[in-house]
Each structure stands twice: as structure tokens, then as C-alpha cells.
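The lines below spell out each chain.
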Amino acid sequence: MLQVNYIRTNKEKVINGLRKRMFNDEDLKLLDEAILLDDKRKSIQTELDQLLAQRNKRSKEIGDLFKQGKADEANASKSKVAELKETSETKQKDLNTTMQQLTEVLYKIPNIPHDSVPKGNSDEDNEVFQDWKNPLPVLDDSALPHWELAKQYNLFDLELGVKITGAGFPLYRGKGAKLQRALINFFLDEAHQAGYEEIIPPLLVNEATARGTGQLPDKEGQMYYAEKDDLYLIPTAEVPITNVYRDVILDEKDFPVKLTGYTPCFRREAGSYGAHVRGLNRVHQFDKIEIVQIQHPEKSYDTLNEMLDHVRGLMDKLDLPYRILRLCGGDLGFTSALTFDFEVYSAAQKRWLEVSSVSNFETFQSNRMKLRYRDANRKTQLAHTLNGSALALARIVAAILENNQTPNGIAIPKALQAYTRFDIID
RNA sequence: GGUGGAGUGGGAGAGUGGCUGAAUCCACCAGUUUGCUAAACUGGCGUGCGGGUAACCGUACCGCGGGUUCGAAUCCCGCCUCCACCGCCA
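Just so it is clear, the model here is predicted, and its values are computed rather than measured. (Residues numbered from 1 in each chain as written. Chains lettered and ligands numbered in written order. Predicted model: local features only at pLDDT ≥ 70, side-chain atom pairs only at ≥ 80, totals over all residues.)

1. Comments concerning helix α3 (residues 25-67)
Move 1: Relative to the 63 Å expected for 43 residues at 1.5 Å per residue, α3 spans 64 Å between its end C-alpha atoms, a close match to the ideal helical length.
Move 2: Among the residues making up α3, those that are buried are L31, A34, L37, D38 and I62.
Move 3: Its buried side turned inward, α3 meets α1 (4-9), α2 (11-20) and α4 (71-107).
Move 4: A positive backbone phi angle near 80 degrees is found at G69, which sits one or two residues after α3. (Helix = DSSP H or I, 4+ residues; strand = E, 2+ residues; numbered from the N terminus. Expected span 1.5 Å × (residues − 1). Buried ≥ 20, exposed ≤ 12 C-beta atoms within 10 Å, placed from the backbone. Contact = placed C-beta atoms within 7 Å.)

Here you go:
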């Protein structure tokens, strides 16, 4: 979430930013609400501190009186302290309520988009930041979509997934499973070479963790929830991996922190159906390798570029046609300041599929997580957090299968052959 | 799951009602000394919030939440976590 002080001192900037997210005048009232509540909070805090100071002073006096044997005077003072206690307790409750109200308001305010973010309503207004320069692959009419190829070559089975779990839980088998495993290892090795430390995190997280990266309360319906144990299945490795640094104060020399991890990701995707979600296009469980960085605020946009380069490298090595979008304000995630989406071209479906999302959250997550560093003056400052998919498997698999189909079988990209130990699926 | 023990500052560890935001040691930072390093010595060394240009002052925090008391790290209750043993188990 944003810091109230930031809203207070950069109000114009905040307003302009929220306009890009199509906030109207009514929505913008949240800002004044927050500032007002913060004013209230401050004055209550001052009053409360004064009451407590009096109480502490009196209590000390009573202690001294007892020691001097003046029990009568001491007892006489007690009623005054009791009075102070009562009023300070009321104040404390006031303060708690006000702080809670303030937090609730702040939770409704999304991150301020970066200057470069275009204004817009929906994904249709996203900017094509880097288009595919070469001709897009064209398949002949006999080409099959990946779900047909999967049947032909026995790579994954959606019906079996339904039998075992339900719709949207694919079961991979044979060379399909091996391809999956090869991609995971390939992506992890690439991340390792780029300097990321590998993490295998828990796949279920508690409420504080889900709150830290912003999945709660904004996207509660998106996550599977294990009610008995009050735990959430992770929608992305970003959640457990970034939260490694929750409540941590770093030194400037610790930057950049670079972490990567492979995990399955679980998403409820409530209400999704239709042709666009066929096959592996949108599923409830998929595999993803995530890269996370924690960086000094002055360097975080260089880092974002570095992460874009990393993902570009993966796409290039897999010989997949792709383009990069800069998300507009309306499509930008609640917690993000700037997001680039990578889309791979799926030649049989003749459409672009999102396979990576690389974002800078600036201090939005770190404020929630209390992830800070000490600056040159030894003062604590919020760090910047970034993450990106490198990459999401299901759709990459879909694109590889479709784009590489030949009359003799499906060709495995060169870079992957060392991992699959076969060069064709036939 | 059962029984017992424990949770204090970056780490170790003292503290069983007021003199404790917290001894001491280690680590860390600055300085003195020194040919360099080391050693020794001196000083500094938590976080949030409020007030103040600042020095600084006030307040809260000793796993978390409540309670008792004029006053709680210290007493009471609930919860969480860790350790040990037992049971179960990949």
C-alpha cells in the first residue's frame, strides 16, 4: 500500500497516477479520506501519549511515597491514576479504530503507475512495447491446436485431470511430462546463471504472507483456501519468495537480492470458460519459474530492464515468436507501478498468449511487508521489489507444440534437447 | 495427537512487580594508540508512532492477544512457535 505521507506530499502526482487507472472524482475522495483519518490519528496519538505520560509519572510518585512510608498519600493518589487509566483506555480504543479505518482506506488505493504507463481502460489499450519483427509462423491447414496434438502424441490428458480433480487440472504424461520437467530445469539453470539463488518454498502460505505481496485483501477470490488450517495455496511463487524478506532490514550492500523458484501455481480463475480457455490456455494449476529481486529504489528500473532481458533471452533460446506489451493503467495490477507482459504467438490458434509478466512494485509491497534497508544516514527506507515469470509453463508448452509441429512429429527446440534427451515427439 | 520445558536487542545471555528499553559478553561502527595487521583503550550501537528546524523530548514494543495492579519483561488466562520424550508416519 501507499504511505499516507506520500499521498499527503505528492497529492497531484497520486491523482494523476490514479486517473490513468480510470479513477473518477468519486474514487479520488479516498485520498482526502486517508489524509483526514491520518490527521485524526496523529491528534489522538498526541493526546494519548500525554495521558500515558501523566499516568507513568503519577505511578512513579506513588511508588516513591510507599517507599517513604507515606501510605496514606500514596493511596489517595491512586484514584487519580485510575481516572487517567480509564480515559487513556478510551483514547487507545479510539486510536485503534482510527488506524483500522485508515488501513482499510489505504487498502483500496492501488499503486501509482510509472510515468511511462499509458492511460487506458482494458487490455485493448496496452502499448506494444516491442513487436515481433520477423514474419509470424504460418502453418498449413492440417495444423492442430495443442490440445489435439496432446491427444495424438499422448502428452497430457484433461479428462483424466477431471476424473482425478476437476476441470483445469491437467495431467501430463510420457513425453509431455518429460517436456515439462525439461523446461523447469532449463529455466532454473538460466536463472542460476543470471545470479539468482534458487528457493523451494512452501506451496501453502498464511494470511500475513498473502497480505504482504498484496494477494489479500485485493484478490481473495483468486486463491484456493484451506479453511481448516487457515492457509492459502499460492497463486505464484512471488508470494512465498518475496515474503522471505518480510520484516527485514537490509544493508545497502545487500542489494540486489536475487531469488528464483519453481512452483506449481494454483488459481481459481472463477467464472472463466469458453474457447479461449481450451487446453492449456487457462488452467487452475500450472508450473512457473519466478524471478524476484529486491533492489535500491534508485536502481530498480535498471533492474526491471535486466529482468526483461532475461526473459527475452529465454524466448529467444526457445525460438518462440513473442512480443512485449506495456500494460496500460486499466490493465495494470493493483500492486504494480509498471508491468511488461510477454506474449508468445501460438501459431495454430493464431493468437498471442501471455507467458510472462515482469513488474516493478516500487515500495507498494515493501510498505506492506515492512521490507526496508538502511541508507547512508542509517535511516530505514522502504526497498523496491520486482518480479517476473521466467517462465509460465503451460502456455509455453502450448506454443512449442503448435509452432513446432511437422508431418513427422513435434520438434524440440535446440536449447531444450539437452534437457529432454529427445529431439522430436513422434 | 500426548506429556514436559522454553520463547528477552544482530547473536549469546542476565533479569520474578517500581531504581529495566533492559546488566554482561560477542559481533558491528567511529576514534586513540600503532610501520601494517592484531591487541588494548574510549565512545557509539533496536524499531514504530507523536512533537520539534535540530539537539532532543514523550510514548509503545521483552513470541502474539487479553487480564490483574497505582505500576508488568516479571503475576494470571488464551493462542502461536521452538526444543525434548512418547505415539503415528513419507
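2. Quick look at the protein's contact with RNA strand B
Move 1: Among the 17 residues in the neighbourhood of RNA strand B, the closest are listed as T46, S59, I62, G63 and V81.
Move 2: Of all the elements in the fold, those that place two or more residues in the surface near RNA strand B are α3 and α4.
Move 3: If one sorts the elements of the surface near RNA strand B by residue count, α3 sits on top with 12 residues.
Move 4: Here the surface near RNA strand B is built from residues that sort into 6 nonpolar, 6 polar and 5 charged. (Near = placed C-beta within 6 Å. Nonpolar A, V, L, I, M, F, W, Y, C, P; charged D, E, K, R; others polar.)

3. Comments concerning the sheet that holds strand β5 (residues 204-205)
Move 1: Reading across the sheet, the 3 strands line up as β5-β7-β6 and stay open at both edges, with antiparallel pairing between neighbours. Two strands lie at the open edges of the sheet, namely β5 and β6 (225-226), each paired on one side alone.
Move 2: The pairing of β5 with strand β7 (residues 231-233) spans 2 bridges and is classified as antiparallel. Bridge pairing in β7 links L204 to L233. (Pairing = 2+ DSSP bridges.)

4. Some points on the nonpolar core
Move 1: Counting residues in hydrophobic clusters, the biggest one holds 95 residues, and the most contacted among them are L391, I396 and V397.
Move 2: The greatest single-element share of this core, amounting to 8 residues, is contributed by helix α12 (residues 393-403).
Move 3: Each of domain 1 (4-107) and domain 2 (123-425) accounts for three or more of the residues forming this core.
Move 4: Every residue in contact with I396, bar those within four places of it in the chain, is listed here: L183, V344, V355 and L391. (Core = buried A, V, L, I, M, F, W, Y, C linked by C-beta atoms within 7 Å. Domains from an automatic or database assignment.)

5. Overview of the sheet that holds strand β8 (residues 249-251)
Move 1: Within the open sheet, the 3 strands sit side by side as β8-β14-β15. Their pairing is mixed. Only two strands of the sheet have a single partner each, and these edge strands are β8 and β15 (380-382). In this sheet, neighbouring strand axes are inclined to one another by 40 degrees on average, regardless of whether the strands run parallel or antiparallel.
Move 2: Pairing geometry for β8 and strand β14 (residues 372-374), over 3 bridges, is parallel. Bridging across to β14, I249 finds its partner in R372. (Axes fitted to C-alpha atoms, helices over the stretch in contact; angles between N-to-C directions.)

Everything listed is a geometric property; what it means functionally is a separate question.
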